[in-house]
Amino acid sequence: MFAMTLASISIVNAKNLRSYTDKSILSNGKTVKIRVQEEGVYTISYNELRNMGFSNPKKVHLRGYGGELLDEDFTESNHYVDDLSDQPVVDLGDRIAFYLT
């Protein structure tokens, strides 16, 4: 898949490509990958977050593409997103809740 993406980029006019971010949002701080089998609302308690290595659960962000396949059109006109974007998270006081697909 990655090789196909590179091949697709090579045929697009270079002046229409957006520049890439200098640094990924994931390059700073702690990162944990969450996989789910089913679409739905999930919660993680503050204790679970601390056990994962997050010292301050109130500062945890959920980032991703929302479970959608990314388009291979990387031009500005397609509103290409170069990095992971924040996904909605609800702080319930002792845990966070979020929707995953």
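Residues numbered from 1 in each chain as written. Predicted model: local features only at pLDDT ≥ 70, side-chain atom pairs only at ≥ 80, totals over all residues. Heavy atoms only, no water.

Colleague: Which residues make up the overall build of the chain, and what values go with them?
Modeller: When its secondary structure is counted, the chain shows two helices and five strands. Out of the 101 residues belonging to the chain, those deemed buried represent 19%. (Helix = DSSP H or I, 4+ residues; strand = E, 2+ residues; numbered from the N terminus. Buried < 20%, exposed > 50% of the residue type's maximum accessible area, 1.4 Å probe, protein only.)

Colleague: Got a sec to walk through the environment of Asn 56? Specific residues and values, please.
Modeller: Structurally, Asn 56 is set in the loop between helix 2 (46–51) and strand 2 (62–64). A relative accessible area of 33% places Asn 56 in the partly exposed class. Separated by ten residues in sequence, Asn 56 and Tyr 46 place their C-alpha atoms 8.5 Å apart.

Colleague: I'd love a proper account of the pairing of strand 5 (residues 95–100), names of residues and values included.
Modeller: Bridging between strand 1 (residues 40–45) and strand 5 involves six bridges; their strand directions are antiparallel. Bridge pairing in strand 5 links Gly 40 to Leu 100. Examined bridge by bridge, strand 4 (residues 90–91) and strand 5 share two bridges and lie antiparallel to one another. In the sheet register, Asp 91 faces strand 5, and the bridge partner there is Ile 96. As consecutive antiparallel partners, strand 4 and strand 5 are separated by three residues, and within that stretch Gly 93 has a phi angle of approximately 95°, a positive value. (Pairing = 2+ DSSP bridges.)

Colleague: Just give me the short version of the pattern of salt bridges, but keep the residues and values in it.
Modeller: As enumerated under the stated definition, the model contains three salt bridges in all. With a closest N to O distance of 3.1 Å, Asp 86 and Arg 63 form a salt bridge. Taken as a pair, Asp 86 in strand 3 (residues 85–87) and Arg 63 in strand 2 lie far apart in primary sequence, 23 residues in all. (Salt bridge = Lys/Arg side-chain N within 4 Å of Asp/Glu carboxyl O.)

Colleague: Could you give an account of the sheet that holds strand 1, naming the residues involved and the relevant values?
Modeller: Taken in spatial order, the three strands of this open sheet run 1-5-4, and their pairing is antiparallel. Among the strands making up the open sheet, the edge pair consists of strand 1 and strand 4.

Colleague: Help me get a handle on the environment of Thr 31, residues and values and all.
Modeller: Residue placement: Thr 31 occurs in the loop between helix 1 (2–10) and strand 1. The spacing of Thr 31 and Phe 54 is 23 residues in sequence and 9.1 Å in space, taken between C-alpha atoms.

Colleague: Help me get a handle on the confidence of the model for the chain, residues and values and all.
Modeller: Residues at a pLDDT of 70 or more form 65% of the chain, whose mean pLDDT is 76. Least confident of the elements in the chain is helix 1, whose mean pLDDT is 35; most confident is helix 2, at 95. Considering only residues more than four positions removed or in separate chains, one finds that residues 1–15, a stretch of pLDDT under 50, has nine contacts. (pLDDT = per-residue confidence, 0-100. Contact = heavy atoms within 4.5 Å.)

Colleague: So what about the nonpolar core? Which residues, and what values?
Modeller: Across soluble globular proteins, nonpolar side chains have a tendency to be buried as a group. Counting nine residues, the largest nonpolar core is built from Ile 44, Tyr 46, Leu 49, Phe 54, Val 60, Leu 62, Ile 96, Phe 98 and Leu 100. Taken together, the elements giving at least two residues each to this core come down to helix 2 and strand 5. Examining the composition of this core, we find that three residues originate from one element, strand 5, more than from any other. Contacts of Ile 96, omitting those with residues within four sequence positions, involve Tyr 42, Thr 43, Ile 44, Tyr 46, Leu 49, Val 60, Val 89, Val 90 and Asp 91. (Core = buried A, V, L, I, M, F, W, Y, C linked by side-chain atoms within 4.5 Å.)

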